[in-house]
Amino acid sequence: MTRSPTPMLSALAVFVVLFAVAVGARWYESRFEVELVVEASLDLGESELSGLRTGKCFSPDGSVFFDARGSTVQAWIVDDRPGTDDDRAIHAWKDTYGGSDVALASREVQGPRMRPAVELAVLAKQKKTIRFFRFHHTPGGVGFADESFSVEYPLDAHDLGEAVRIAYRPRSDEFLVFFESGQAKRFSISAEGEVQGIQWFRSEAARKRGTAPADSLRLHGGSIDDAAFSPDGRVLATVNRSRDRFVSVVSLLDETVVKTPPIVDDVYYSVGVSARGDRIAAARGKGPIDVFRRAEEGWTLAQRLPTAEGDKAEIGLAFAGEGREIVAVSHHEVHVWHLDTGRMLRSFESEDGDQIQAWSVTNDDDDADTRLLLVDKHGMLRGWEFTPDR
């Protein structure tokens, strides 16, 4: 009897595929190039960047940095367009705001005259009010506030506890406010600055499930300590650092909430969502990064990155490009991990190892490069570009 060669051929085919993947990954690692593209200092005088990291943010394209300390909110132009000084970021604006404990968020917006602008939302946590500002770029690169745009919105949410953070939903006119009670409220703001509350569970899918509309959505049993949207705005992921041992994942299309499988002996500190919204990365308090994939039965653990001892992404996580790399930000350095190999591709540090106070990862749809920006406590801003694996 002649033995069929099928099993042997199948095994050979599997070996060839695995070998090709390994060689391809090694080749990518060998050609992973990083370029320092921005190095500037913020004029802080004798002070330092301090306070909550929720009081610091970049514009979506990374060209403007906002900082709230005490009762003052400030803006710097930090990009490298012609007409700017590469050695010192341009201090463009500041405003005195009532609350001393604030959270910031920004988005790109078209104003009433179709003029592109950056919109800044300033959430005063104890006062439960939000003030909105808009900024434009002049041809020379200097930014200025639109004095004709002035919006202050009071949050009617006294039963939800303190508001802890605010985030814009990408590719929409919506923003969300998160509370220490673990709940989230949803709003929209028009080009003219009109703010309206949006009820949860108003979609057709929610109506068919028989879910009644609600003014707020409970995501955790305690404060929502980190939140991330997919770039298309369809998926939201949140974590609570004190008690919950899972990631809450919200589909904004059908308004379903799904929890990832809980972990036993730890909590999640930070979270990121891939470009397609099909993968979520969550950093544990003790270091490792769990990567979940969306499946028919929910979100399943697909990979665990064995990060270095003591390396904790306590500040933030983000996917680069189409999602084959993860950028993990800790207090003093940033690591870029390649998911296919589980290897660390590159490590970045702030100037002189100073504590990182703000960060940004920008993936341009029209550009192959990803830009990473870091600001340390002394106001030193550094930015790198690299090309993600595609």
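Residues numbered from 1 in each chain as written. Predicted model: local features only at pLDDT ≥ 70, side-chain atom pairs only at ≥ 80, totals over all residues. Heavy atoms only, no water.

> Got a sec to walk through the environment of Gly 316? Specific residues and values, please.
Within the element layout of this structure, Gly 316 appears in strand S24 (residues 316-320). On the accessibility criterion, Gly 316 (1% relative accessible area) is buried. Distance from Gly 316 to Ser 330, taken between C-alpha atoms, is 7.2 Å for residues 14 residues apart in sequence. The contacts of Gly 316, once residues within four sequence positions are left out, are Ser 270, Val 327, Ala 328, Val 329 and Trp 359. (Helix = DSSP H or I, 4+ residues; strand = E, 2+ residues; numbered from the N terminus. Buried < 20%, exposed > 50% of the residue type's maximum accessible area, 1.4 Å probe, protein only. Contact = heavy atoms within 4.5 Å.)

> Now, about the packing of aromatic side chains: what can you tell me, with residues and values included?
Per the counting criterion, the structure on display carries eleven aromatic pairs. Consider the rings of Tyr 168 and Phe 175, whose centres lie 6.2 Å apart with planes at 70 degrees: the pair is edge-to-face. We note that Tyr 168, like Phe 175, is buried. The interplanar angle of 15 degrees and the centroid separation of 5.1 Å between the aromatic rings of Phe 175 and Phe 187 together place this pair among those described as stacked. One end of the pair, Phe 175, is in strand S12 (residues 174-179); the other, Phe 187, is in strand S13 (residues 183-189), with twelve residues separating them in the sequence. Neither Phe 175 nor Phe 187 differs from the other in exposure class; each is buried. Among the aromatic residues, those joined into a cluster by ring pairs are Phe 132, Tyr 153, Tyr 168, Phe 175 and Phe 187. Directly above the aromatic system of Trp 200 lies the positively charged group of Arg 186, at a separation of 5.0 Å from the ring centroid. (Phe/Tyr/Trp six-rings, centres within 6.5 Å; stacked < 30°, edge-to-face > 60°. Lys NZ or Arg CZ within 6 Å of the ring centre and 35° of its normal.)

> Hey, could you go over the layout of surface pockets for me, with residue numbers and the actual values?
To find leftover empty space, a probe the size of one water molecule is rolled over the atoms. Quantified by volume, the second largest pocket comes out at close to 250 Å³. Every residue lining the second largest pocket is counted, 18 residues in all, and those nearest its centre are Val 235, Ser 251, Gly 277, Arg 294 and Trp 299. If you tally residues by element for the lining of the second largest pocket, the top one is strand S18 (residues 248-251), at three residues. The residue inventory of the lining of the second largest pocket, partitioned by class, reads seven nonpolar, four polar and seven charged. (1 Å grid on protein atoms, 1.4 Å probe; cavity = no way out; pocket = protein on both sides within 12 Å on 5 of 7 lines; lining within 4 Å. Points joined across faces, edges and corners; volume = space filled by probe spheres on them. Nonpolar A, V, L, I, M, F, W, Y, C, P; charged D, E, K, R; others polar.)

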